[in-house]
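In case you want the letters, here they are:
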2 protein chains.
Amino acid sequence: MGGDLISEKTSYLIPGFHTVRESLIQGRVTILEVWIAEGKKSARTGEILKMAGKRGIPVSFKKIAELSHLMPGMTHQGVVALAEKFTYSDFNKVTDISMQDHDRALLIAADHITDEGNLGAMIRTAAFFSAHGLILPKDRSAKVTANVLKRSSGACAYLPITRVVNLGRALDLLEKKGFWIVGASGESSESVYQCDWNRDLVLILGNEQKGISRTVKKRCHQVVGIPSSGHMESLNVSVAAGVILSEIFRQREAFKTPD
Amino acid sequence: MGGDLISEKTSYLIPGFHTVRESLIQGRVTILEVWIAEGKKSARTGEILKMAGKRGIPVSFKKIAELSHLMPGMTHQGVVALAEKFTYSDFNKVTDISMQDHDRALLIAADHITDEGNLGAMIRTAAFFSAHGLILPKDRSAKVTANVLKRSSGACAYLPITRVVNLGRALDLLEKKGFWIVGASGESSESVYQCDWNRDLVLILGNEQKGISRTVKKRCHQVVGIPSSGHMESLNVSVAAGVILSEIFRQREAFKTPD
C-alpha cells in the first residue's frame, strides 16, 4: 500500500515555548510560522523571535484567547508554531544513529498499539527517557495524527519515529545488527528489575488487548514482565513503557563510571 | 460542606468483561443487574452468567446497539453491569488499615487531578502496585465517574478511595500518625531512585498543569523528581505515578529478608 492511502493533515500546531524552541533547533519538522501571544514580552519570547528571524520564519502576534481556541485544553504558554506535516524518519538512519551510543542503543517497537492517547503518552515517555527511536507497523496501528502529537506534548519533535511494513522482518534486521530484543508481557515471570539492560536494545510493547503477537514474540531474545504486587493483571501500556524505561535508565546510570 | 452537596448518580454502569468480572469477585460495589448483548455467546459471557447466577443477580439480554447507546464512546464488549453508586471509603479506616503493613503503608494523594483518564489510569496503577488507598480532595478534582471506573479497568474494586474536604489538613493528620510525606515534582533535583522508600508513606501527585500546590508542598517532608535523560521536562501524571510506585516496589522487595 502506498503512503498516499494514509490520510494525514498537511500541517499541525506545536504548542509551548520548549517544544517550539526544540523544533526550531532540531529542524526535524519544518516550521512555517510562529505565533506569539500579544503583549507577551519575556526573555523566552525574545529567544524565539531571534531564532525565527535567523531562519527567515515569519512571526505574527495573536490574541491569547485565539491561541487557546486553536489548541483547546493545551498549555501553549503564548508560543505556538505552525509546522508542515509530520515526517516519519528512515528506519536505517534511526538504527544507525542509535548504535552510535555504544551498548546503550534504545529503540522501542509498538506491536500494533491502536489507541492514540496511549501512543501519544508513549512517545512523550520515550522522549523523556531518551529513547533513540520508535518503530511503528504501517498497518493496524495508531498513526502520528494531530491528536497523537498533542497527547505527546510535543515529544514528536525529539523522538525519531519510523514505520515498517513488517515488524517481524524489521526485528530480524535489528537482530543481525546485534540488538537484544526484549518483549514486555504481563505473563512473563522474568522481572524487569532482574534484566540486564546494559546493551543495545529493542523494547517491544504489545497491543492494548492482545499483547505481543505470536510472530513478534518468537523473535524476542527475552520476554520480561513487571511484577504485580496486587490483584491487577496489567498496567496501561504507556504506564508499562514508563516503568520499564525508568528501570533501564536507572540501571544504566548505576553502571556509569563515576567522574 | 455536607456530602449532599456533591451531586452523584445513585447508580452507574460498569462496562466491559474484566471490570464487571472483578466487581463481581471483589464485592466492594453492589451489582444490581448484569446486561449481556443479545447473541453474544463466549466462554467469557458464560463465566459472567455463572457468577451472576451464584450471587442471585438478575441477568438480562439487550441489543448491542442499546448498550452502546447507554454508554456512548465506551468499549463495553457486550457486558455491562448496573451498580449501586460507587462508595468512597472512610479516611480513618483507610489509614488505619494501611498502617497494619508496618513501615510499608503506602497512600497516594492526588492534589487536584482533573482529567478522568489520568485518574482512572492512576487508580489502575496504584492497585497494580498494591497501594493501600487513594486520597482525593472533594473539590476541583476528578471524581470516580463511570468513565473513571472504565479507565481504571476495574481497579476501583481493589483500591479504597477516600475523599477529604481539605487535603492540607488530611496531611497534617497523617504526619501526626507518623507518615512520611513525599511530593512528586519535575522541578526537584532529588531523584526518586535515591529516596528511601522503606517507611510509611504518603505519595503526592500534583495537578496536570500546575503540579503540587503551595499549601501541599509546604507539608512535604521531601520533594522528589524523576530525572529526565532527554529534553522533555515532564511525564504524564499517571506514567509518573507508575514510575515512582515501581521504584517503591523494587526497593521494598530488595529490602525484604530472604526466606
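As shown above, the structure is provided for reference.
Trainee: Can you walk me through the relation of the copies chain A and chain B in this structure?
Mentor: Two copies of a chain can be linked by a rotation about an axis combined with a shift along that same axis. For the pair chain A and chain B, the relating rotation is 176°, the translation along its axis is 1.3 Å, and the fit reaches an RMSD of 1.8 Å. As the rotation angle and translation indicate, the two copies are arranged about a two-fold axis. Closest approach to the rotation axis among the C-alpha atoms of chain A is made by Val243 of chain A, whose C-alpha sits 2.4 Å away. With an isologous cut-off of 70% or more, the 92% of interface residues of chain A that recur at the interface of chain B puts this contact in the isologous class.

Trainee: Would you take a moment to explain the pairing of strand S2 (residues 31–37) of chain A for this structure?
Mentor: Every other side chain in a regular strand lies on the same face of the sheet, so the side chains alternate between the two faces. Residues and elements named next belong to chain A. The buried count for S2 comes to 5 of 7 residues, which makes it a mostly enclosed element. Here 5 bridges tie S2 to strand S4 (residues 79–84), and the two strands are oriented antiparallel to one another. By the bridge assignment, Ile31 is partnered in S4 with Ala83. The sheet contact formed by S2 and strand S3 (residues 59–62) spans 4 bridges and is parallel. Of the residues in S3, the one forming a bridge with Ala37 is Lys62.

Trainee: How should I be thinking about the pattern of salt bridges in this particular structure?
Mentor: Pairs may arise between side chains of opposite charge once their charged atoms sit close together. The final tally for this structure, using the stated rule, is 13 salt bridges over all chains. Note that Glu247 of chain B is salt-bridged to Arg250 of chain A, the shortest N-O span being 3.9 Å. Remark: Arg250 of chain A occurs in helix H9 (residues 237–255) and Glu247 of chain B occurs in helix H9 (residues 237–255); the pair is interchain, linking two chains. Just as Glu247 of chain B is buried, Arg250 of chain A falls in that class too.

Trainee: Is there a simple way to think about the state of the cysteines in this case?
Mentor: Residues and elements named next belong to chain A. Under the criterion given, the structure shown has 0 disulfides over all chains. No disulfide involves Cys195; its nearest neighbouring cysteine sulfur is the one of Cys220, lying 11 Å away. A relative accessible area of 3% means that Cys195 is categorised as buried.

Trainee: Sorry if this is basic, but what is going on with the interface of chain A and chain B here?
Mentor: Reports of interface size often rely on the accessible area that becomes lost once the parts have come together. The interface of chain A with chain B comprises 36 residues on the first partner and 34 residues on the second. Carbon and sulfur atoms make up 62% of the surface buried where chain A meets chain B, a total of about 3,200 Å² over both sides. Looking at the side of chain A facing chain B, the largest losses of area belong to Arg124, Phe128 and Met232 of chain A, adding up to 24% of the total buried there. Linking chain A to chain B there are 2 salt bridges. Inspection of the region where chain A meets chain B yields 8 residue pairs in polar contact (both at pLDDT 80 or more). Those elements giving two or more residues to the side of chain A that touches chain B turn out to be helix H1 (17–26), helix H5 (116–128) and H9 of chain A. A per-element tally of the side of chain A that touches chain B places H9 of chain A first, with 8 residues. Along the lines of polarity and charge, the residues of the side of chain A that touches chain B split into 13 nonpolar, 17 polar and 6 charged.

Trainee: Help me out: how do you make sense of the sheet that holds S3 of chain A in this one?
Mentor: Residues and elements named next belong to chain A. Taken together, 4 strands build an open sheet; the order of strands is S1-S4-S2-S3 and the sheet is mixed. Strands with a single pairing partner mark the edges of an open sheet, and in this sheet they are strand S1 (11–15) and S3. Taken pair by pair, the neighbouring strands of this sheet meet at an average axis angle of 25°, ignoring direction. H1 rests against S1, S2 and S4 of the sheet, and its axis sits at about 120° to S1. Running over the sheet, helix H2 (residues 43–54) touches S2, S3 and S4 and is turned about 155° from S2.

Trainee: Sorry if this is basic, but what is going on with the sheet that holds strand S10 (residues 222–224) of chain A here?
Mentor: In a beta sheet, neighbouring strands pair by backbone hydrogen bonds and run either parallel or antiparallel. All names here are of chain A. Across the sheet, 6 strands lie side by side as S7-S6-S5-S9-S8-S10; this open sheet has parallel pairing. Either end of the sheet is taken by a strand with one partner, and the two such strands are strand S7 (161–164) and S10. In this sheet, neighbouring strand axes are inclined to one another by 25° on average, regardless of whether the strands run parallel or antiparallel. Packed onto the sheet, H5 meets strand S5 (106–111), strand S6 (133–137), S7 and strand S9 (201–206) and runs at close to 155° relative to S6.

Trainee: What should I look at first to understand the packing of helix H5 (residues 116–128) of chain B against H9 of chain B in this one?
Mentor: How two helices pack is summed up by the angle between their axes together with the distance between the axes. All names here are of chain B. Contact geometry for H5 and H9: axes closest at 8 Å, N-to-C directions at 15°. Considering the angle they form, H5 stands roughly parallel to H9. Read as a crossing pair, H5 and H9 show a hand that is right-handed. Judged by residue contacts, Asn118, Ala121, Met122, Thr125 and Ala126 of H5 engage Val237, Ser238, Ala241, Gly242 and Leu245 from H9. For the contact of H5 with H9, the class distribution of residues is 6 nonpolar, 4 polar and no charged.

So, how was this worked out
Residues numbered from 1 in each chain as written. Chains lettered and ligands numbered in written order. Predicted model: local features only at pLDDT ≥ 70, side-chain atom pairs only at ≥ 80, totals over all residues. Heavy atoms only, no water. Least-squares fit on C-alpha atoms with pLDDT ≥ 70 in both. Contact = heavy atoms within 4.5 Å. Buried < 20%, exposed > 50% of the residue type's maximum accessible area, 1.4 Å probe, protein only. Helix = DSSP H or I, 4+ residues; strand = E, 2+ residues; numbered from the N terminus. Pairing = 2+ DSSP bridges. Salt bridge = Lys/Arg side-chain N within 4 Å of Asp/Glu carboxyl O. Disulfide = S-S within 2.5 Å. Buried area = accessible area lost by both parts, 1.4 Å probe. Polar contact = N/O pair within 3.5 Å; in protein donor to acceptor, adjacent residues only side chain to side chain. Nonpolar A, V, L, I, M, F, W, Y, C, P; charged D, E, K, R; others polar. Axes fitted to C-alpha atoms, helices over the stretch in contact; angles between N-to-C directions. Parallel < 35°, antiparallel > 145°, perpendicular 65-115°, else oblique. Left-handed = near helix turned anticlockwise from the far one by under 90°.

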